Amino acid sequence: MKKIILALDISDIYQAKRIVNQTYQYVDIYKIGPGLFIEYGRSIIDYIIGINKKIFLDLKLYDIPITVQRAVKAAYNLGVFSLTIHASGGEKMMKAVTSVVNRPKIWAVTILTSEATSTEKVLQMVKIANSCDVDGVISSPLEIESIKKQYGKTFNVITPGIRLQNQDNDDQLRVSTPINAIKKGADFIVIGRTILKDKNPIETLKKIYEDIQNLT
Ligand code: C5P
């Protein structure tokens, strides 16, 4: 599967569909966050699945176990490929979710890439998430190597906080370039504004995609 996950952080569904149509050669998984989901949930999801692409539903769920479990079942019924929950929701919540038989992949958010933290703190959260059998974790690029070293290749690491060299970090703090994140072992990199705010978004995406291809 292609390693770039494109974050559809766009509030206009027509624009979101246009971006999907322009980028499908370079992307297999599109990330939908609360902004687009709350207003256009089923219609944007059906559209993307209809062109044989996958949905990463990034709702970062954090609630009591039964409530999150119900949301996970609903996401499965929508055809979602992967869904985020907060690892800080704790063991009971994560186990309630991973015990669901028919469910999307569960990726646990450790510490947001917009926050300053230490690798140790992220690793503590990864340890709990891993023991609850989640399929992977969301971390910043700075922690990928340590997570991979401890938990091996099959435990997925998905990293936002991706910026090109000399680019504005916006609200992100723990960042790296796409190539660096892939070299360090990221299974997927999540890219939003680097593409969406670019003057030539498709060319920039193509370049990142080709650079990654050339690594393998
Ligand atoms: O625009 P940018 O590339 O910074 O977007 C990153 C995307 O990844 C956003 O949609 C954000 O919600 C998401 N994300 C994040 N940090 C996390 C988890 C998800 O930035 N820990």
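Residues numbered from 1 in each chain as written. Predicted model: local features only at pLDDT ≥ 70, side-chain atom pairs only at ≥ 80, totals over all residues. Heavy atoms only, no water.

Re the nonpolar core
Among the nonpolar cores identified, the biggest contains 57 residues, and Ile4, Ile85, Met94, Ile147 and Ile189 are the most heavily contacted of them. Here this core gets five residues from one element, more than from any other, and that element is helix 5 (residues 119-131). Apart from the residues within four sequence positions on either side, isoleucine 4 is in contact with Tyr26, Val27, Asp28, Ile29, Ile189, Ile191, Leu205, Ile208, Tyr209 and Ile212. (Core = buried A, V, L, I, M, F, W, Y, C linked by side-chain atoms within 4.5 Å. Buried < 20%, exposed > 50% of the residue type's maximum accessible area, 1.4 Å probe, protein only. Helix = DSSP H or I, 4+ residues; strand = E, 2+ residues; numbered from the N terminus. Contact = heavy atoms within 4.5 Å.)

Looking at the pairing of strand 8 (residues 188-191)
With burial as the criterion, each face of strand 8 is covered, one bearing Phe188 and Val190 and the other bearing Ile189 and Ile191. In the classification by handedness, the crossover that spans strand 7 (residues 156-159), the intervening helix 7 (residues 178-184) and the parallel strand 8 is right-handed. (Right-handed = clockwise from strand over helix to strand, strands pointing away.)

Focus: the packing of helix 5 against helix 6 (residues 144-151)
Each pair of packed helices can be summarised by the angle the axes make with each other and by the distance between the axes. Contact geometry of helix 5 with helix 6 gives a least axis separation of 10 Å together with a crossing angle of 40°. Note on packing geometry: the crossing formed by helix 5 with helix 6 is right-handed. Counting all contacts with helix 5, which are made through Thr119, Val122, Leu123, Val126, Lys127 and Asn130, the residues of helix 6 involved are Ser146, Ile147, Gln150 and Tyr151. Tallied by class, the residues present in the contact of helix 5 with helix 6 amount to five nonpolar, four polar and one charged. (Axes fitted to C-alpha atoms, helices over the stretch in contact; angles between N-to-C directions. Left-handed = near helix turned anticlockwise from the far one by under 90°. Nonpolar A, V, L, I, M, F, W, Y, C, P; charged D, E, K, R; others polar.)

Digging into the packing of aromatic side chains
Counted by the stated rule, this structure contains five aromatic pairs. Taken together, a centroid distance of 6.3 Å and an interplanar angle of 80° make the contact between phenylalanine 81 and tryptophan 107 edge-to-face. Here phenylalanine 81 is found in the loop between helix 3 (65-78) and strand 4 (82-86), whereas its partner tryptophan 107 is found in strand 5 (residues 105-109), with 26 residues between them in sequence. With respect to class, phenylalanine 81 is no different from tryptophan 107; both count as buried. Seen from their ring centres, tyrosine 151 and phenylalanine 155 are 5.7 Å apart, and the 50° between their planes marks the pair as tilted. In terms of burial, tyrosine 151 and phenylalanine 155 fall into one category: buried. (Phe/Tyr/Trp six-rings, centres within 6.5 Å; stacked < 30°, edge-to-face > 60°.)

Describing the site of the ligand
Taken together, 15 residues are adjacent to the ligand, and Asp9, Lys31, Thr113, Gln172 and Arg193 come closest. Arginine 163 places a side-chain nitrogen or oxygen 2.9 Å from an oxygen atom of the ligand. Contact with the protein chains removes 88% of the 470 Å² of surface that the ligand exposes when unbound. Listed by contribution, the elements that provide at least two residues to the shell around the ligand are strand 3 (54-61) and strand 8. (Near = heavy atom within 4 Å. Polar contact = N/O pair within 3.5 Å; in protein donor to acceptor, adjacent residues only side chain to side chain. Areas by Shrake-Rupley, 256 points an atom, 1.4 Å probe, with all protein chains shown as cover.)

Observations concerning the sheet that holds strand 3
What links the strands of a sheet is backbone hydrogen bonding, and the strands pair in either a parallel or an antiparallel sense. Strand order in the closed barrel made by the eight strands is 1-2-3-4-5-6-7-8, with parallel pairing throughout. Recorded for the sheet is a direction-independent mean angle of 25° between the axes of neighbouring strands. Summarising the sheet, strand 5 and strand 6 (residues 136-138) pair through three bridges and their orientation is parallel. Directly across from tryptophan 107, in strand 6, lies its bridge partner glycine 136. (Pairing = 2+ DSSP bridges.)

Let's talk about unusual backbone geometry
For residues that are not glycine, phi is negative in most cases, and the peptide bond is trans in most cases. A positive phi angle is found at asparagine 52, which is not glycine, with a value near 65°. Take asparagine 52: its relative accessible area is 70%, and that puts it in the exposed class. Of note, the phi angle at aspartate 133 is positive, near 65°, even though the residue is not glycine. Structurally, the position occupied by aspartate 133 is in the loop between helix 5 and strand 6.

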